[in-house]
Amino acid sequence: MDEGLIERLFMLERFAADMYPLSLNIGFCGDKRGLTPATGLTLAQWVIGHQHMIREVHVMSDEGGNQSFFEMVDLHAYHATVYAYPPKKVAMQFPRAKIQPRDNPLKQHDAIVDACDILIVATDRRWPEYDQDLCWRAARRAERQGKQVICVYPQGVIGPEPWKFEVPEQKSPDPKLLAKAIKIAQGDEEE
């Protein structure tokens, strides 16, 4: 590779990181129900788009949605300081994270909301116990504190708080197209 090109790419990389102040202090509340492949892709795009601005990340240190979000941040915004809030029972080990004292999940979600400026929520809003869901409870707490809340729904749609937004219904794909896609994947039919 051309030496000048390597030097210019290095300068651009350094310049891009310095263009934006490390100003985003984000919290994340999510669970397995809400972190679908579409949600994961949407969150990854959000993290990549804001990677140079993320200063701090506050997240529960348990498996599922929280672990996936931590891995996105660890990969794309590795310079950010991650604060991990372990639940009392089982906690995941997030490398290089500043581990906070163990506590019950309710208090940990409150601590995440209190520590962040922007709260990202990824959970299934149609879950039967909607009102008792810790993620939505955290979103309402953040809203009361005047903080920005970003909700990422299972369909990959980003919207405001769930009580202000209706997720559009999505039609199921045509069964004939699904059958054709399966045949192509199995090598029985050409594209």
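Residues numbered from 1 in each chain as written. Predicted model: local features only at pLDDT ≥ 70, side-chain atom pairs only at ≥ 80, totals over all residues. Heavy atoms only, no water.

### Overview of the overall build of the protein
Then, number 1: Looking only at helices and strands, the protein has six helices and seven strands in total.
Then, number 2: The secondary structure elements of the protein, listed N-terminal to C-terminal, are α-β-α-β-α-β-β-α-β-α-β-β-α.
Then, number 3: Relative to its 191 residues, the protein shows a buried fraction of 39%.
Then, number 4: For the protein, the proportion of contacts with a sequence separation of at least 24, taken over those separated by at least 6, is 68%.
Then, number 5: Here the protein displays about 11500 Å² of accessible surface, and carbon together with sulfur accounts for 55% of that area. (Helix = DSSP H or I, 4+ residues; strand = E, 2+ residues; numbered from the N terminus. Buried < 20%, exposed > 50% of the residue type's maximum accessible area, 1.4 Å probe, protein only. Contact = heavy atoms within 4.5 Å. Areas by Shrake-Rupley, 256 points an atom, 1.4 Å probe, with all protein chains shown as cover.)

### A look at the environment of I54
Then, number 1: Note that I54 resides in strand β2 (residues 54-60).
Then, number 2: Classification of I54 as buried rests on a relative accessible area of 0%.
Then, number 3: Distance in space between the C-alpha atoms of I54 and I26 is 7.5 Å, their sequence separation being 28 residues.

### Considering the nonpolar core
Then, number 1: Core analysis: the largest hydrophobic core is formed by 26 residues, its most contacted members being I26, L43, W46, I54, V57, F69 and I120.
Then, number 2: Where this core is concerned, the elements lending two or more residues are β1 (24-30), α2 (37-50), β2, α3 (65-76), β3 (81-85), β5 (118-122) and β6 (148-152).
Then, number 3: Ranked by size, the runner-up nonpolar core spans 17 residues in total, among them M60, C116, C135 and A139. (Core = buried A, V, L, I, M, F, W, Y, C linked by side-chain atoms within 4.5 Å.)

### Let's talk about the packing of aromatic side chains
Then, number 1: If you walk through the whole model with that rule in mind, you get one aromatic pair.
Then, number 2: Between F28 and F69 the ring centres are 4.2 Å apart and the planes differ by 10°, which places this aromatic pair in the stacked class. One end of the pair, F28, is in strand β1; the other, F69, is in helix α3, and 41 residues separate them in sequence. Considered together, F28 and F69 belong to a single accessibility category, that of buried residues. (Phe/Tyr/Trp six-rings, centres within 6.5 Å; stacked < 30°, edge-to-face > 60°.)

### Quick word on the pairing of β2
Then, number 1: β2 sits mainly inside the fold: six of its seven residues count as buried.
Then, number 2: Handedness of the crossover joining β1 and β2 through α2: right-handed.
Then, number 3: Where β2 lies against β3, five bridges are found, and the strand directions are parallel. Paired with H58 across the two strands is Y83, which belongs to β3. (Right-handed = clockwise from strand over helix to strand, strands pointing away. Pairing = 2+ DSSP bridges.)

### Description of the pairing of β3
Then, number 1: Among the five residues that make up β3, four are buried, leaving the element largely enclosed by the rest of the structure.
Then, number 2: Strand direction decides the pairing type here: β3 and strand β4 (residues 98-99), joined by two bridges, are parallel. Across the sheet, the residue bridging to A84 is I99, located in β4.

### Section: helix α6 (residues 175-186)
Then, number 1: For α6, with twelve residues, the first-to-last C-alpha span of 17 Å sits near the 16 Å given by 1.5 Å per residue.
Then, number 2: Positive backbone phi, at 85°, marks G187, one or two positions downstream of α6. (Expected span 1.5 Å × (residues − 1).)

### Here's the deal with α3
Then, number 1: Its twelve residues give α3 an end-to-end C-alpha distance of 17 Å, which sits within 8% of 16 Å, the value for a rise of 1.5 Å per residue.
Then, number 2: Within α3, the full set of buried residues consists of G65, N66, F69, F70, M72 and V73. Buried residues along α3 cover an arc of 160° about the axis, so they all sit on one side.
Then, number 3: Buried residues along α3 sit against β1, α2, β2, β3 and β5. (Arc of directions from axis to C-beta.)

### Describing the environment of I48
Then, number 1: Relative to the helices and strands, I48 is located in helix α2.
Then, number 2: The class for I48 is partly exposed, based on a relative accessible area of 38%.
Then, number 3: Through-space distance from the C-alpha of I48 to that of A77 is 7.6 Å; in sequence the pair is 29 residues apart.

### Structural notes on the confidence of the model for the protein
Then, number 1: Averaged over every residue, the pLDDT of the protein is 76; the share at 70 or more is 71%.
Then, number 2: Within the protein, the element-level pLDDT minimum falls on helix α1 (residues 3-19), averaging 49, and the maximum on helix α4 (residues 105-115), averaging 91. (pLDDT = per-residue confidence, 0-100.)

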